[in-house]
Amino acid sequence: MDLPERIVVTGARGQLGRALCALLTDVTLLAIDLEEADIRDGDQIIPLITEFRPDVVIHAAAWTDVDGAERDPDGAYAVNALGTQNVALACQQVGAAMLYVSTNEVFDGRAEEPYREWDAPAPISVYARSKWAGEQIARMLLNRLYIVRTAWVFAPGGNNFPSKIIAAADRHGALRVVDDEIGNPTYAPDLARAIVRLISTGRFGIYHLTNEGACSRYEWACEILRMSGREHVPVTPIPSSEWKRLATPPLRAVLANTAAAALGIRLRPWREALKAYFEESEPPRG
Ligand SMILES: NC(=O)c1ccc[n+]([C@@H]2O[C@H](COP(=O)([O-])OP(=O)(O)OC[C@H]3O[C@@H](n4cnc5c(N)ncnc54)[C@H](OP(=O)(O)O)[C@@H]3O)[C@@H](O)[C@H]2O)c1
């Protein structure tokens, strides 16, 4: 199967959305974000999508402020659950397939082994529950659906862990970083390439797509500092119980890419992806 001809990307100005739009240059693309239509408002988003008559909608728009979701659960659900419902309804009306981008945080992070696509979600934060609600609504409304769960997304120009670590290192000269939260760093351009391959297969289903390998936040921070020429910045590993935040993140929500690997879709190891991130954004210092 070939790449579908008419594609909508929601969240087009976000980290993943920008990477997708940069790849989708040979298709007829409708790139939309909050400025074009608020997905919470069905009267805005549904006609915008249905009039375009897409073959596929890649739904990357989301409320991604995990701690902010604890302060404003209704706000998070309005975007991640009801907004997803509006996008799915638009797909239903025109017979478009949908790819819903979800999160590793749908799992509680207590398993010793990486989570497979068929493991049972048990979200423990408001953000995670709102994204899981989005998955369930999309599944109820559509059968031509890809669900792609990813984790720890970073891209040049984004508000992400590498940019926060670099800013904090430059501001404070020393860092404390949790070493008991384990996940899969995922470079948005690599994820976008995998998604574009996936929507060319017609193999609807649930997929876990992250860069290969897992690490702790502490290990990731050390690599960020090393690769950006800041290895002299001291980093102290701390338990997450010492890092107070509103949301409780799952401690070991590591994803195994089983389903996409069966289609030959794999992402490179996260350290290689992090190197590419620095090559494609600011030049390393030092
Ligand atoms: N970032 C991660 O670490 C991570 C991890 C796992 C899964 N994910 C999932 O991956 C997807 C992409 O993440 P990302 O990092 O690219 O997110 P992002 O950079 O925060 O982009 C999300 C985009 O959605 C837009 N948006 C928010 N509310 C909207 C609304 N009501 N109507 C229309 N657009 C709206 C945002 O606009 P504004 O910026 O103007 O609000 C933003 O441009 C999301 O579904 C997210 O849940 C992300």
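Residues numbered from 1 in each chain as written. Predicted model: local features only at pLDDT ≥ 70, side-chain atom pairs only at ≥ 80, totals over all residues.

Colleague: Talk me through the overall build of the protein chain; I want residue IDs and the actual numbers.
Modeller: If you tally the helices and strands in the protein chain, you get 9 helices and 12 strands. Compactness check: the protein chain gives a C-alpha radius of gyration of 18 Å against a globular reference of 19 Å for 286 residues, within 12% of the reference. For the protein chain, the spread of C-alpha atoms along the principal axes amounts to about 55 × 40 × 35 Å. Within the span of the protein chain, comprising 286 residues, buried residues form 49% of the whole. (Helix = DSSP H or I, 4+ residues; strand = E, 2+ residues; numbered from the N terminus. Rg over C-alpha atoms; globule rule 2.2 N^0.38 Å. Buried ≥ 20, exposed ≤ 12 C-beta atoms within 10 Å, placed from the backbone.)

Colleague: Before we move on, could you go through the nonpolar core and cite the residues and values that matter?
Modeller: A general trend in soluble globular proteins is that nonpolar side chains are found buried together. In this structure, I58, M98, I195 and A221 are the most contacted members of the largest nonpolar core, which totals 95 residues. Broken down by element, the residue count for this core peaks at 8 residues, all from helix α4 (residues 73-94). Those residues within four positions of I195 in sequence are excluded, and the remaining contacts are L20, I58, L99 and V148. (Core = buried A, V, L, I, M, F, W, Y, C linked by C-beta atoms within 7 Å. Contact = placed C-beta atoms within 7 Å.)

Colleague: Which residues make up the environment of Y277, and what values do they have?
Modeller: The residue Y277 is located in helix α9 (residues 270-280) in this model. Between the alpha carbons of Y277 and I166 there is a distance of 13 Å; along the sequence they are 111 residues apart. Sequence-distant contacts of Y277, defined by excluding residues within four places in its chain, comprise F154, P156, P162 and Y187.

Colleague: Explain unusual backbone geometry to me, using residue names and the numbers behind them.
Modeller: Backbone geometry at R53 places phi at a positive 50 degrees, although glycine is not the residue there. Structurally, R53 is set in the loop between α2 (42-52) and β3 (56-59). For R53, a count of 14 C-beta atoms within 10 Å translates into the label partly exposed. Residue W152 is not a glycine yet carries a positive backbone phi of 40 degrees.

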